[in-house]
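Here is what each chain is made of, one letter per residue.
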Amino acid sequence: MDELEIDAVAEAELDDPVLVEGLPGVGHVGSLAAEHVLEELEDESTLVRRIYSREFPPKVSIEDGVADLTCAEIHAVSVPDGRDLLVLTGDHQAQTNDGHYVLASAFLDVAEEFGASELYALGGVPTGELIEEYAVVGAVTDESLIEPHEDAGVEFREDEPAGGIVGVSGLLLGLGERRGFEAACLMGETSGYLVDPKSARAILDVLEELLGFELDYERLDERADEMEDVIGKIQEMEQQQQQMDVPTDDDLRYIG
């Protein structure tokens with residue numbers, strides 16, 4: 001196999017589409033958001049491209065005993081009463097620095113092929129602690145894009161995320177800007193410890209406002225409830241551990 005292969009699975013006519021990237025990252029926030037869009041707009045979605053690369057991990061996925069080589073997929077989505085979308089999903093990002101550049105360039109090539117000139121990279125920004133209120137932090141390729149995103153609820157913070165944006169999300173902004181794309185990264189706050197459907201929901205609320213589509217959130221909310229149960233159990237275990245670590249009166253008698 002060549003370093004990069006793009007399979008044309010189908011064609012679709014889209015009207016001024018927006019590329020939406022949701023590959024795995026912190027809290028799987030971006031991938032959860034993108035996958036939910038495809039689930040809820042399944043009837044309007046068509047798989048148009050599969051991107052294979054030696055930069056992906058050397059593995060296959062197995063479903064019902066059938067193996068498929070690791071790849072990224074791009075779906076064309078004709079959105080009723082909203083902006084058409086090209087939704088990028090997959091199970092992995094590249095394994096090397098060069099690979100990130102190769103794949104990000106390929107994703108932009110496909111976006112240009114379908115007439116896209118705007119993109120959103122979706123991801124998470126870690127807080128290091130469990131949170132109750134989920135903010136969406138943004139980065140854009142031009143200062144003129146800040147105000148309309150702030151109006152949709154995006155926060156722009158000085159020097160955050162610390163260290164910049166790595167991986168495909170960062171490169172889509174950097175390379176996209178050099179190729180004339182208007183690009184933004186939407187990052188939902190998340191602890192960084194667990195898969196975070198609530199953070200994905202926060203991002204999608206912003207995208208709905210920006211791109212004019214509407215989604216049902218029952219399935220995503222069910223996943224959030226499941227994660228709340230997991231978080232509750234973790235917190236209970238932490239409390240039990242803290243109680244075990246507190247010295248008793250008997251322990252104190254032996255401290256000189």
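Residues numbered from 1 in each chain as written. Predicted model: local features only at pLDDT ≥ 70, side-chain atom pairs only at ≥ 80, totals over all residues. Heavy atoms only, no water.

Going by an unreviewed UniProt entry, the protein chain carries the name TIGR00162 family protein and comes from Natronococcus occultus SP4.

J.: Can you walk me through the sheet that holds strand β3 (residues 45-53) in this structure?
T.: By way of backbone hydrogen bonds, the strands of a sheet pair with one another, either parallel or antiparallel. A sheet is described by the order of its strands in space; here nine strands give the open sequence β1-β3-β6-β7-β2-β8-β11-β9-β10, paired in mixed fashion. In this open sheet, the two strands that pair with only one neighbour each are β1 (4-8) and β10 (154-155). With respect to the sheet, helix α5 (residues 197-211) is in contact with β2 (18-21), β7 (85-90), β8 (118-126), β9 (136-140), β10 and β11 (182-190), its orientation differing from that of β11 by roughly 150°. (Pairing = 2+ DSSP bridges. Helix = DSSP H or I, 4+ residues; strand = E, 2+ residues; numbered from the N terminus. Contact = heavy atoms within 4.5 Å. Axes fitted to C-alpha atoms, helices over the stretch in contact; angles between N-to-C directions.)

J.: Honestly, the confidence of the model for the protein chain in this entry has me stumped. Any pointers?
T.: Low pLDDT marks stretches whose predicted atomic positions should not be read closely. Within the protein chain, residue pLDDT values average 92, and 96% of them lie at 70 or more. Every residue in residues 252-256 scores below 50 in pLDDT, and together they form one contact with partners more than four places removed in sequence or on other chains. (pLDDT = per-residue confidence, 0-100.)

J.: What exactly am I supposed to notice about a negative patch on the surface here?
T.: On the surface, a cluster of negative charge is contributed by Asp216, Glu218, Glu222, Asp225, Glu226 and Asp229. With respect to the secondary-structure elements, Asp225 resides in helix α6 (residues 218-245). (Patch = residues over 30% accessible without salt bridge, like charges linked within 9 Å, V, L, I, M, F, W, Y side chains within 5 Å. Areas by Shrake-Rupley, 256 points an atom, 1.4 Å probe, with all protein chains shown as cover. Salt bridge = Lys/Arg side-chain N within 4 Å of Asp/Glu carboxyl O. Lys, Arg positive; Asp, Glu negative; His and termini not counted. Charge placed at Lys NZ, Arg CZ, Asp CG, Glu CD.)

J.: Even after reading the chapter, I still don't get the packing of helix α2 (residues 97-113) against helix α4 (residues 167-178), so can you show me in this structure?
T.: Helix packing for two helices is described by the angle between their axes and how far apart those axes are. Close contact between α2 and α4 brings their axes to 9 Å; oriented N to C, the two are set at 60°. Overall, the two elements α2 and α4 adopt an arrangement that is oblique. As α2 packs across α4, the resulting crossing turns out to be right-handed. On α4, the residues that touch His100, Tyr101, Ala104, Ser105, Phe107 and Leu108 of α2 are Gly167, Val168, Leu171, Leu172, Leu175 and Gly176. Considering only residue class, the contact of α2 with α4 consists of eight nonpolar, four polar and no charged. (Parallel < 35°, antiparallel > 145°, perpendicular 65-115°, else oblique. Left-handed = near helix turned anticlockwise from the far one by under 90°. Nonpolar A, V, L, I, M, F, W, Y, C, P; charged D, E, K, R; others polar.)

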